Amino acid sequence: MTAQDVNFDRSQLGVGYPGGTFVVDKDDLLRYCKATGESDPLCNDEEAAKAAGHPALLAPPTYCANFVRSLGRPDIKLNFGRIGFHAGESIDIHAPIYAGDTLTATTGLKDVYTKTGRSGTMVFVVWETSFSNQDGQKVADVQESHVRRE
Amino acid sequence: MTRYYEDVELGDEIGPLEKIATDQSVSDFCDVWGNTGPSRFTDNESAQAEGLAGAIVPGIMSMSYMAQLLTQWTEGGSIKKLDVVFRQLVSHNSPLRLIGVVTDMNQVDGENQVECDLYLQNEQGDRMVGGQAILLLAIKG
Amino acid sequence: MFVDMHSHSVSSDDSRATVEQYLKWIQVLRKRGHQVDGIVLTEHRKFDAHEDYSSLSSKYGVTVLKGSELDTRYGHFLVYGVNSKLLSAFEFSDVTLDAAELVKYAKDVGAIAIPAHPGRFGIGFCEYIDSGPDFSTIETVEYLNGGSRTGENERGQELADRRGFAGTGGSDAHFVSAIATCLTDFSQTIRNEQELVEAIYTKRFRPVRLEETTT
């Protein structure tokens, strides 16, 4: 079996879509820090963040990954497997993200491929997403890989 | 305290950072994440219905732990890139150990880049999550 | 000569290490007193025929050879001495290749295919050796794999010891600092892929862990 044998909507490969708009809410940031045990004062204490030259609370480096789940994405009609997992994630950080920022995402299907592992034949689906802030500045590129298993 | 580029060498160890993803912390994370309601992340029965041994830690939560390891180590520096592979499912309520090692250093386009390998290990030393990061450090003077 | 017989660079979908980073890390290992003389890049489901690592090899004083790790319906196989005949005969990206045919054909065209991590659950030769096809020509397996989980190396070793197979060692590195954690100690110098294949057929080698290479 090769990637050519995987049934999915190949017309989606490389096509970009508007993924949605997300507000970086200060309270959500603080709850995220509490949940993950993030103790950096720049992420928890607004005064400390401003004293360090930041305009507002600083979001932890991987915070925007939280928004990926809510992205508007097309159904690629993948016909394989009965269960899926998150296989990997990569974040390229271009600029800080702050409480109060509004992030706009664009997303697209990058790749679909097959391999075998301990759990049998798997199909990997790779998505790419770019986040830009309200000033049009790109803040992060996120690539996620999801695996479907038989 | 600032960690400077000149003070780093290939092979330098990063960490360890010890974490435990409790049931409560995972539930709180999922609330912020917007993944509310019983799921493989928050509920053992839901996880077992999917063939898992029990509730698991979201991959991006493990990733946030790796970011913490790095930001604590850079002491004023920043993360340019973090790339992780979720090799095995991570369970709740068990000690997790995050470690890294410096594997490359390059001064590129005005940036002082330090690359490192990262691992999230369980109690048995199994590498549940592996990663690689590029960090940016300041130089002295 | 100590050679890491199983490694993946960024050319493999799940590796994060460049070849140069591996070679730089080997300098760190050498400073720590270890001996690492060569690596074989065994990329997943492909062979990078056009990649030339000779200048990196010279720069860092490490022999760099190329091979492949193929997914087959009988587990993963490491292939050394990949040549145009082999590439024409088999679609390397096919995860359901017939390993019995691969092993036989490889030998016929001057290459060799050996089971990778034979004890690994789901994709190790242990689970397929008695499944029907003729694997009687297999004489060597990967004995030590640096990426195997607890129990997997031991499972493969039990098979190898029972069948009298020779065993290689390889790191199965996907990250820089994992290179050379396991190696193969050859009794002869190996300068290219053809000499590697010949050396494997002699069976004059042993699998070792990095710690055993301390000078």
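Computed from a predicted structure; not experimentally measured.

What counts and what doesn't
- Residues numbered from 1 in each chain as written.
- Chains lettered and ligands numbered in written order.
- Predicted model: local features only at pLDDT ≥ 70, side-chain atom pairs only at ≥ 80, totals over all residues.
- Helix = DSSP H or I, 4+ residues; strand = E, 2+ residues; numbered from the N terminus.
- Contact = placed C-beta atoms within 7 Å.
- Nonpolar A, V, L, I, M, F, W, Y, C, P; charged D, E, K, R; others polar.
- Pairing = 2+ DSSP bridges.
- Buried ≥ 20, exposed ≤ 12 C-beta atoms within 10 Å, placed from the backbone.
- Right-handed = clockwise from strand over helix to strand, strands pointing away.
- Arc of directions from axis to C-beta.
- Axes fitted to C-alpha atoms, helices over the stretch in contact; angles between N-to-C directions.

**Student:** Would you mind showing me how to read the overall build of chain B here?
**Tutor:** Looking only at helices and strands, chain B features 3 helices and 5 strands. Tracing chain B from N to C terminus, the helices and strands come up as β-α-α-α-β-β-β-β.

**Student:** Explanation requested: the interface of chain C and chain A in the structure shown.
**Tutor:** When the parts of a complex come together, some accessible area is lost, and that lost area is often taken as the interface size. Each side of the interface is counted separately: chain C has 13 residues, and chain A has 12 residues. Residue classes in the side of chain C that touches chain A are distributed as 3 nonpolar, 4 polar and 6 charged.

**Student:** Help me understand unusual backbone geometry in this model?
**Tutor:** Peptide bonds are, in most cases, trans, and in most cases residues other than glycine have a negative phi. Gly15(B) connects to Pro16(B) through a cis peptide bond whose omega is 10 degrees. Unusually for a residue other than glycine, Glu75(B) sits at a positive phi of about 45 degrees. Here Glu75(B) shows up in the loop between α3 (59-74) and β2 (78-86). Here Lys203(C), not a glycine, exhibits a phi torsion of approximately 60 degrees, which is positive. Within the element layout of this structure, Lys203(C) appears in the loop between α6 (193-202) and β9 (205-209).

**Student:** Which parts of the structure should I look at to understand the interface of chain A and chain B?
**Tutor:** Contact residues are listed per partner, giving 25 residues for chain A and 27 residues for chain B. Elements supplying a minimum of two residues to the side of chain A that touches chain B: α1 (26-36) and β2 (83-93) of chain A. Per-element accounting of the side of chain A that touches chain B gives the leading share, 9 residues, to β2(A). Residues that form the side of chain A that touches chain B fall into these classes: 9 nonpolar, 8 polar and 8 charged. Two elements, β2(A) and β2(B), share 5 bridges in a ladder whose sense is antiparallel.

**Student:** Would you mind showing me how to read the pairing of strand β1 (residues 2-7) of chain C here?
**Tutor:** Regular strands have side chains that alternate between both faces of the sheet. All names here are of chain C. Most of β1 is tucked away, with 6 of its 6 residues classed as buried. Of the pairings in the sheet, the one linking β1 to strand β8 (residues 182-186) comprises 2 bridges and is antiparallel in character. Bridge assignment links Val 3 to a residue of β8, and that residue is Thr 184. In terms of strand pairing, β1 meets strand β2 (residues 38-44) through 3 bridges, oriented parallel. Along β2, the bridge assignment pairs Ser 7 with Leu 41. This β-α-β element, β1 to helix α1 (residues 19-31) to β2, shows right-handed connectivity.

**Student:** Please explain α1(A) as it appears in this structure.
**Tutor:** Given 3.6 residues per turn, any residue in an α-helix points the same way as the ones three and four places further on. Among all positions of α1(A), only Leu29(A), Tyr32(A), Cys33(A), Ala35(A) and Thr36(A) are buried. The buried side chains of α1(A) occupy one side of the element, clustering within an arc of 165 degrees when seen end-on. Those residues of α1(A) that are buried lie in contact with α2 (41-44) of chain A together with α1 (23-33) and α3 of chain B. Downstream of α1(A) by one or two residues, Gly37(A) has phi in the positive range, about 75 degrees.

**Student:** Honestly, the environment of Leu13(A) in this entry has me stumped. Any pointers?
**Tutor:** Within the element layout of this structure, Leu13(A) appears in the segment before β1 (16-23). Separated by 28 residues in sequence, Leu13(A) and Pro41(A) place their C-alpha atoms 42 Å apart.

**Student:** Looking at this model, I keep getting lost on the sheet that holds β2(B). Mind explaining?
**Tutor:** Whenever strands of a sheet pair, they do so through backbone hydrogen bonds, lying parallel or antiparallel. Spatial ordering of the open sheet is given by β1(A)-β3(A)-β4(A)-β5(A)-β2(A)-β2(B)-β5(B)-β4(B)-β3(B)-β1(B), a layout of 10 strands whose pairing is antiparallel. The open sheet terminates on both sides in strands that have one partner only, identified here as β1 of chain A together with β1 (13-20) of chain B. The average undirected angle you get between the axes of adjacent strands in this sheet is 25 degrees. By the bridge criterion, 7 bridges tie β1(A) to strand β3 (residues 102-117) of chain A in an arrangement that is antiparallel. Within β3(A), the residue paired with Val23(A) across the bridge is Thr102(A). Those strands touched by α3(B) are β2 of chain A together with β1, β2, β3 (95-108), β4 (111-121) and β5 (127-136) of chain B, and its axis lies near 145 degrees from that of β2(B).

**Student:** Is there a simple way to think about the sheet that holds β9(C) in this case?
**Tutor:** Residues and elements named next belong to chain C. The 7 strands lie next to each other as β5-β4-β3-β2-β1-β8-β9, forming an open sheet whose pairing is mixed. A strand with exactly one partner marks an edge of an open sheet, and here the two such strands are β5 (112-115) and β9. The average angle at which neighbouring strand axes cross in this sheet is 30 degrees, direction not considered. In the packing of α6 onto the sheet, contacts are made with β3 (63-72), β4 (75-80), β5, β8 and β9, and the angle to β4 comes to roughly 120 degrees.

**Student:** What is the right way to read the environment of Ala99(C) from this model?
**Tutor:** All names here are of chain C. Its place among the elements puts Ala 99 in helix α4 (residues 99-108). Sequence separation of Ala 99 and His 76 is 23 residues, and the distance between their C-alpha atoms is 8.5 Å. Apart from residues no more than four positions distant in its own chain, Ala 99 is found in contact with Thr 72, Arg 73, Tyr 74, Gly 75 and Phe 77.

**Student:** Looking at this model, I keep getting lost on the pairing of strand β5 (residues 138-149) of chain A. Mind explaining?
**Tutor:** Residue and element names in this part refer to chain A. Strand direction decides the pairing type here: β2 and β5, joined by 10 bridges, are antiparallel. The partner of Asp 92 across the bridge, within β5, is Asp 141. Inspection of the sheet shows strand β4 (residues 120-132) paired to β5 by 11 bridges, in the antiparallel sense. Residue pairing across strands places Trp 127 opposite Glu 144, the latter belonging to β5.

**Student:** Honestly, the environment of Thr121(A) in this entry has me stumped. Any pointers?
**Tutor:** Residues and elements named next belong to chain A. Within the secondary structure, Thr 121 sits in strand β4. On the basis of neighbour counts, which here come to 20 C-beta atoms within 10 Å, the residue Thr 121 falls in the buried class. Spatially, the C-alpha atom of Thr 121 lies 44 Å from that of Gly 100, the residues being 21 residues apart in sequence.

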